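Take a look at the letters that make up each chain.
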Amino acid sequence: MNGSTPASGSTGPSDPASPAGQARAHDDAHTHINTNTNTHGDTSTTDVLIVGAGPTGLLLAGDLAAAGLRVTVVERRAHGISNMTRAFAVHARTLEMLDARDLAEELVKGGTTVDHMDMFGRVALDLTRLRSRFPFLLITPQYQVERLLERRALAEGVHFRYDSALLTLRQDRDGVSAELREGGGTGAEGTTTLRTRYLVGTDGARSGVREALGLPFPGGAVIRSIVLADVRLDKEPEATLTVNGSGDSFAFVAPFGDGYYRVMGWSRKRQVPDTAPVELDELRTIAREAFGTDYGLHDARWISRFHSDERQAPSYRVGRVFLAGDAAHVHSPAGGQGMNTGLQDAANLSWKLAAVVRGRAADPEALLDSYEAERHPVGAAVLRSSGALVRLAMAHNPLQRAVRSLAVQILGTLRPAADKAMGMISGIGISYRAERGAHPLTGKRAPDLDLTQGRLYELLRRGEFVLVTPPDSGVGTPRGVVGAHWRSGRGDSLLVRPDGYVAWANNHPDPAGLGAALARWTGRP
């Protein structure tokens, strides 16, 4: 869950860094390409330094290393993935991106799928209508996602430095110098300096990278004193995903599949600081208010009190330094979009950084700028939608309840409205702005197309652009691009980016247009 701050002693992000303005600065120098991209053991210099080993940082690291870059990940925590986690929902678009890394099937096998999302206890969104290989919500703890991503990153040769904290960073025309303190930033341990071409902060809501850049993190708390726990239940809920609320409280229950359930509760009557003691009896009381039963919850493996912020950094890029995930945006837990949005940030940024470092970008600065141009509006949209959901759930006065009733009526009776809501929450409906006059498919998510060479997302596992054409188009496949043909006999052509979005499309063979698109996106005509 994004934007959440736990009680003292529990894991997770806390209060954001204090705002301090800094003008946006871009490094317009062309970088020297280091051709020695396989010496992962050399950690004094690296192509990309990632600060933060959560899901966003791990996916980014694995992608970059798979592309042949030297990658180092710095993490303040000691090594070991904790089972104390807030995120638990993996949406359809994220599963598609994991499928493109051959990880989705294993993750789905270990989780619980939900094909309907209850909205305010009165209408359910039918996720089976999603046009995806994964028309459901997957319930699985964040640490399972991290386990798969860390395994992949290690297999690709990513170098990890745990128990290390970023102290300072300095940029120049050729790279970034990052000063680190070993031992998690405490005690008298020595410091070391790493030199990197680019640095990415995926270090959460209290991002040291964002603070070092002097970037503000405007926003505030949207909901306070939420109690969250992983518990066992004596009585199994009737629905796989159980959500309900009264005028003064709401609660949520979801199974992890290992005998434990994630239970979250909020009560208007119990608004206390995050540091206030939290016991299971408090959560039982909230559950009874919301559900009429507490399902006999017991045996908490962890419990925490937190508040949820809505914040977004004004810039995701300052020169050679980038922000992604919670370091760039935090929002309410409504809709379970936090971890998903961060993973999609990483998928957008990874292939662009790889292209620049490998010398495969016609305009490196424009390509790197496109990360913020595409992902910042998505972060803002998630803030709006998740904020609206949590405010409707907390509706208390007659006007607010009337608005909620109208929203429920619209979702329940107008299928296009329900489909749009599902598309936003699941990520399936997210697209990127295309230039004026571009084909209508440009910037849209590409579904898992059935091609003569296999499924599209299987082909995307190679980490390259995929060119889809009719079998008799006569268009050759350039070096560094995966070629494929329609199985269905369609006559149009698509150039699909490594992150599964359409870079170029045409209804008829267009070698000149394709050449221009390839030159723009890959640096190769």
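Bear in mind the structure is a predicted one, so any value in this text is a computation, not a measurement. (Residues numbered from 1 in each chain as written. Predicted model: local features only at pLDDT ≥ 70, side-chain atom pairs only at ≥ 80, totals over all residues. Heavy atoms only, no water.)

A. Inspection of the overall build of the chain at higher detail. Each helix and strand counted, the chain has twelve helices and 26 strands in total. Taking all 525 residues of the chain together, 58% fall into the buried category. Long-range contacts, defined as pairs at least 24 residues apart, comprise 70% of the intrachain contacts of the chain with a sequence gap of at least 6. For the chain, the exposed surface amounts to about 21000 Å²; the carbon and sulfur share of it is 50%. (Helix = DSSP H or I, 4+ residues; strand = E, 2+ residues; numbered from the N terminus. Buried < 20%, exposed > 50% of the residue type's maximum accessible area, 1.4 Å probe, protein only. Contact = heavy atoms within 4.5 Å. Areas by Shrake-Rupley, 256 points an atom, 1.4 Å probe, with all protein chains shown as cover.)

B. Representation of unusual backbone geometry within the structure. Even without a glycine there, the phi angle at D102 is positive, about 60°. Position of D102 relative to the elements: it lies in the loop between helix 2 (92-99) and helix 3 (104-109). Backbone geometry at Y295 places phi at a positive 55°, although glycine is not the residue there. Mapping Y295 onto the fold places it in the loop between helix 6 (280-291) and strand 17 (298-312).

C. Spatial organisation of the packing of helix 1 (residues 55-66) against helix 7 (residues 338-357). It is at 8 Å that the axes of helix 1 and helix 7 come closest, and there the two elements cross at 25°. Considering their axes alone, helix 1 and helix 7 lie roughly parallel with respect to each other. In the packing of helix 1 onto helix 7, the handedness of the crossing is right-handed. In this structure, helix 1 contributes P55, T56, L59, L60, D63 and L64 to the contact, and helix 7 contributes M339, G342, L343, A346, A347, L349, S350, L353 and A354. Here the contact of helix 1 with helix 7 is composed, by residue class, of eleven nonpolar, three polar and one charged. (Axes fitted to C-alpha atoms, helices over the stretch in contact; angles between N-to-C directions. Parallel < 35°, antiparallel > 145°, perpendicular 65-115°, else oblique. Left-handed = near helix turned anticlockwise from the far one by under 90°. Nonpolar A, V, L, I, M, F, W, Y, C, P; charged D, E, K, R; others polar.)

D. Representation of the packing of aromatic side chains. The full count for this structure, using the stated rule, is eleven aromatic pairs. Between Y198 and F322, the aromatic rings sit 6.3 Å apart at their centres with planes inclined by 50°, giving tilted as the arrangement. One end of the pair, Y198, is in strand 12 (residues 191-201); the other, F322, is in strand 19 (residues 321-323), with 124 residues separating them in the sequence. The same class applies to Y198 and to F322, which are both buried. With a centroid separation of 4.6 Å and 40° between ring planes, the pair formed by Y432 and Y501 is classed as tilted. In this pair, Y432 sits in the loop between helix 10 (415-426) and strand 21 (450-451) while Y501 sits in the loop between strand 25 (493-496) and strand 26 (502-506), placing the two residues 69 residues apart along the sequence. (Phe/Tyr/Trp six-rings, centres within 6.5 Å; stacked < 30°, edge-to-face > 60°.)

E. How the structure looks around the nonpolar core. Within the largest apolar cluster, 87 residues are counted, with the highest numbers of intra-cluster contacts made by I50, L64, L199, V200, V209, L353 and L495. At eleven residues, the largest contribution of residues to this core is made by helix 7. In terms of nonpolar packing, the next biggest core, distinct from the first, is built from 30 residues, L127, A254, L389 and M422 among them. (Core = buried A, V, L, I, M, F, W, Y, C linked by side-chain atoms within 4.5 Å.)

F. Here's a closer look at the sheet that holds strand 4 (residues 89-90). Taking strand neighbours across the sheet as the criterion, the three strands line up as 4-8-5 in an open arrangement whose pairing is antiparallel. In the strand order of this sheet, the two ends are held by strand 4 and strand 5 (112-114), each with one partner. In terms of strand pairing, strand 5 meets strand 8 (residues 137-139) through three bridges, oriented antiparallel. The residue of strand 8 that forms the bridge with T112 is I139. (Pairing = 2+ DSSP bridges.)

G. Seen up close, empty space enclosed by the protein. In this structure the tally under the stated criterion is four cavities of 30 Å³ or more. Size it by volume and the largest cavity reaches roughly 60 Å³. Along the walls of the largest cavity sit H91, Q337, N340, T341, Q344, V382, M424, I425, S426, G427 and I430, which together make up its complete lining. Within the residue set of the lining of the largest cavity, elements represented by two or more residues are helix 7 and helix 10. Taken together, the residues that form the lining of the largest cavity break down as four nonpolar, seven polar and no charged. (1 Å grid on protein atoms, 1.4 Å probe; cavity = no way out; pocket = protein on both sides within 12 Å on 5 of 7 lines; lining within 4 Å. Points joined across faces, edges and corners; volume = space filled by probe spheres on them.)

H. Layout of helix 7. Spanning 20 residues, helix 7 covers 29 Å between terminal C-alpha atoms, matching the ideal 28 Å at 1.5 Å per step. Within helix 7, 20 of the 20 residues are buried, which leaves it mostly tucked inside the rest of the structure. Following helix 7 by one or two positions, G359 has its phi on the positive side, about 75°. (Expected span 1.5 Å × (residues − 1).)

I. The side chain of S177, seen in detail. As for its placement among the helices and strands, S177 is situated in strand 11 (residues 176-182). A polar contact of 2.9 Å, which involves the side chain of S177, links it to the side chain of R195. When residues no more than four places from it in sequence are discounted, the contact partners of S177 are T168, L169, R170, T193, L194 and R195. (Polar contact = N/O pair within 3.5 Å; in protein donor to acceptor, adjacent residues only side chain to side chain.)

J. Molecular detail of helix 10. With twelve residues, helix 10 should cover 16 Å at 1.5 Å per step; its first-to-last C-alpha distance of 16 Å lies within 8% of that length. When we look at burial in helix 10, the residues that qualify are A418, M422, G423, I425 and S426.

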